[in-house]
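Report on the structure
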There are 2 protein chains.
Amino acid sequence: MISKKTKYGLLALLALARKYGAGPVQIGDLAEQEGIPKKFLELILLHLKNAGILGSRKGKGGGYFLAKDPAQITMGSAVRVLDGTLAPVPCVSETAYQKCTECDDEESCGIRLVMKDVRDAVANILDNTSVKEVLVRSSDAAKKAKKVIDYSI
Amino acid sequence: MISKKTKYGLLALLALARKYGAGPVQIGDLAEQEGIPKKFLELILLHLKNAGILGSRKGKGGGYFLAKDPAQITMGSAVRVLDGTLAPVPCVSETAYQKCTECDDEESCGIRLVMKDVRDAVANILDNTSVKEVLVRSSDAAKKAKKVIDYSI
DNA sequence: AAGCATGTCTATCGATTTGATAGACTAATA
DNA sequence: TATTAGTCTATCAAATCGATAGACATGCTT
């Protein structure tokens, strides 16, 4: 299960994606709009910036912005930065691999074999879903709901 | 990422599956064979028993055993019992659903839409993988490795 | 150069969870 | 009745989570 930090990070990322091209967004504004504690969000945004997903500008007119086009930022990359890995167990992580301390033979470990399938499936989804696509899906879902409401009247 | 408790639980489950039909296995023996702290394993096995995945017998000749055939126990059911849910976020859980406190509109939440795909993919794998299959894959992988070794000599 | 705006650094903290450990108790067998 | 072995219900230390805080640094404006 993803942590609140990751959830907040994804919320902020998507919010910044919605405003892509509109200049730096202040931390305080983002925090207020998304209902995230400001000081906590500072840490999260800095983490994303240090990972190259966001950029920032200090001083007047400063704030945070996407470092790349939303179509070029995947959910997988963001989740890896925020949560550390997509893998359900360390021994199938491709980016944060760690051998199990109590494992004699990795190659035949049944749990590892299954969890590798899980990791692959999760990565297949998240690494092939851009931040832009998420916005489009969200927007489409909102329109769909609106049409249902209009139709009901 | 799955917890050590879940990892230990799966290890124990698979170990019991290997001995399926051979009578109750004592907690102490399982703990020693799998390198799991005994008292911790007691809690884990009890949890699995209460969930109907394992059975137990007290007293002389007592111990734990599978409550069903290994082919009828899925990895998904075990992970749900041990970790609580397969879902990456509570709002897409089918067995432990919880609405996000800060979410205005679930239907159009982009994170939720993506995480639902992730949950479905994970469930698709784990719910369609029996404990028996895991043993077979593990065994096959071990034989394969052995053949490679034999061939190398 | 100073003031203001806003990000950055580096702590610290309380609550919660994790990963245990322990001993008394209960049930089953011999 | 004694022994075996699971069950109950605590308790605990360490780690992590989810924050909060104030000093500092950078950049813009005047």
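See above for the structure.
Presented here is an overview of the structure given in this document.

Procedures and definitions
Residues numbered from 1 in each chain as written. Chains lettered and ligands numbered in written order. Predicted model: local features only at pLDDT ≥ 70, side-chain atom pairs only at ≥ 80, totals over all residues. Heavy atoms only, no water. 1 Å grid on protein atoms, 1.4 Å probe; cavity = no way out; pocket = protein on both sides within 12 Å on 5 of 7 lines; lining within 4 Å. Points joined across faces, edges and corners; volume = space filled by probe spheres on them. Helix = DSSP H or I, 4+ residues; strand = E, 2+ residues; numbered from the N terminus. Nonpolar A, V, L, I, M, F, W, Y, C, P; charged D, E, K, R; others polar. Contact = heavy atoms within 4.5 Å. Buried area = accessible area lost by both parts, 1.4 Å probe. Salt bridge = Lys/Arg side-chain N within 4 Å of Asp/Glu carboxyl O. Polar contact = N/O pair within 3.5 Å; in protein donor to acceptor, adjacent residues only side chain to side chain. Near = heavy atom within 4 Å. Pairing = 2+ DSSP bridges. Least-squares fit on C-alpha atoms with pLDDT ≥ 70 in both. Buried < 20%, exposed > 50% of the residue type's maximum accessible area, 1.4 Å probe, protein only.

What follows concerns the layout of surface pockets. Of the volumes computed, that of the largest pocket is approximately 520 Å³. Every residue lining the largest pocket is counted, 24 residues in all, and those nearest its centre are Met1(A), Leu86(A), Pro88(A), Met1(B) and Pro88(B). When contributions to the lining of the largest pocket are tallied by element, the ones reaching two or more residues are helix 4 (75–83) and helix 5 (110–126) of chain A together with helix 4 (75–83) and helix 5 (110–126) of chain B. The residue inventory of the lining of the largest pocket, partitioned by class, reads 20 nonpolar, 2 polar and 2 charged.

This part is about the interface of chain A and chain B. Every contact between the two is made by 34 residues of chain A and, on the other side, 34 residues of chain B. Counting the surface lost from both chain A and chain B, the interface buries some 3,200 Å², and carbon and sulfur atoms represent 76% of this. Linking chain A to chain B there are 2 salt bridges. For the interface between chain A and chain B, the tally reads 6 residue pairs in polar contact (both at pLDDT 80 or more). Counting only elements with at least two residues in the side of chain A that touches chain B, the list comes to helix 1 (4–18), helix 5 and helix 6 (131–152) of chain A. Among the elements that make up the side of chain A that touches chain B, the one with the highest residue count is helix 5 of chain A (11 residues).

Turning our eyes to something else, we now look at the protein's contact with DNA strand D. Near DNA strand D lie 28 residues; those nearest to it are Lys39(A), Lys58(A), Gln26(B), Gly63(B) and Tyr64(B). Take Lys4(A): an N or O atom from its main chain is 3.3 Å from a phosphate oxygen of DNA strand D. Between DNA strand D and Ser56(B), the relevant distance is 2.9 Å, taken from a phosphate oxygen to a side-chain nitrogen or oxygen of the residue. Those elements giving two or more residues to the surface near DNA strand D turn out to be helix 1 and helix 3 (38–50) of chain A together with helix 3 (38–50), strand 1 (54–57) and strand 2 (63–66) of chain B. Sort the elements by how many residues they give to the surface near DNA strand D and helix 3 of chain B lands first, with 5 residues. In terms of residue class, the surface near DNA strand D is built from 9 nonpolar, 8 polar and 11 charged.

Here we come to the pairing of strand 1 of chain B. Residues and elements named next belong to chain B. Alignment of strand 1 against strand 2, held across 4 bridges, turns out to be antiparallel. Residue arginine 57 lies in a different strand from strand 2, and its bridge partner there is glycine 63. The hairpin formed by strand 1 and strand 2 contains 5 residues between the paired strands, and glycine 59 there has a positive phi angle of roughly 80 degrees.

Turning to the relation of the copies chain A and chain B, a few remarks are in order. With an RMSD of 0.0 Å, chain A superimposes on chain B once it is rotated by 180 degrees and translated 0.0 Å along the axis. With respect to symmetry, the two chain copies, as superposed, fit the operation of a two-fold axis. Taking the C-alpha atom as reference, chain A places Ala121(A) closest to the rotation axis, 3.1 Å from it. Mapped onto chain B, 100% of the interface residues of chain A again fall at the interface, so both copies present the same surface.

All right, on to empty space enclosed by the protein then. Over the atoms rolls a probe the size of a water molecule, and in doing so it shows where empty space is left. Residue and element names in this part refer to chain A. According to the stated counting rule, one finds 1 cavity of 30 Å³ or more in the structure shown. Each pocket or cavity is described by its volume, and for the largest cavity that value is around 40 Å³. Residue lining of the largest cavity: Arg80, Thr85, Leu86, Ala87, Ser93, Glu94, Thr95 and Arg119, and that is the complete set. Partitioned by chemical class, the residues of the lining of the largest cavity number 2 nonpolar, 3 polar and 3 charged.

Residue and element names in this part refer to chain B. As for its placement among the helices and strands, leucine 54 is situated in strand 1. Accessibility expressed as a relative area gives 3% for leucine 54, which makes it buried. Along the primary structure leucine 54 and glutamine 33 are separated by 21 residues, whereas in three dimensions their C-alpha atoms are 18 Å apart. Once residues lying within four places of it in the same chain are set aside, the contact partners of leucine 54 are Leu13, Leu16, Leu45, Leu48, Lys49, Tyr64, Phe65, Leu66 and Ala67.

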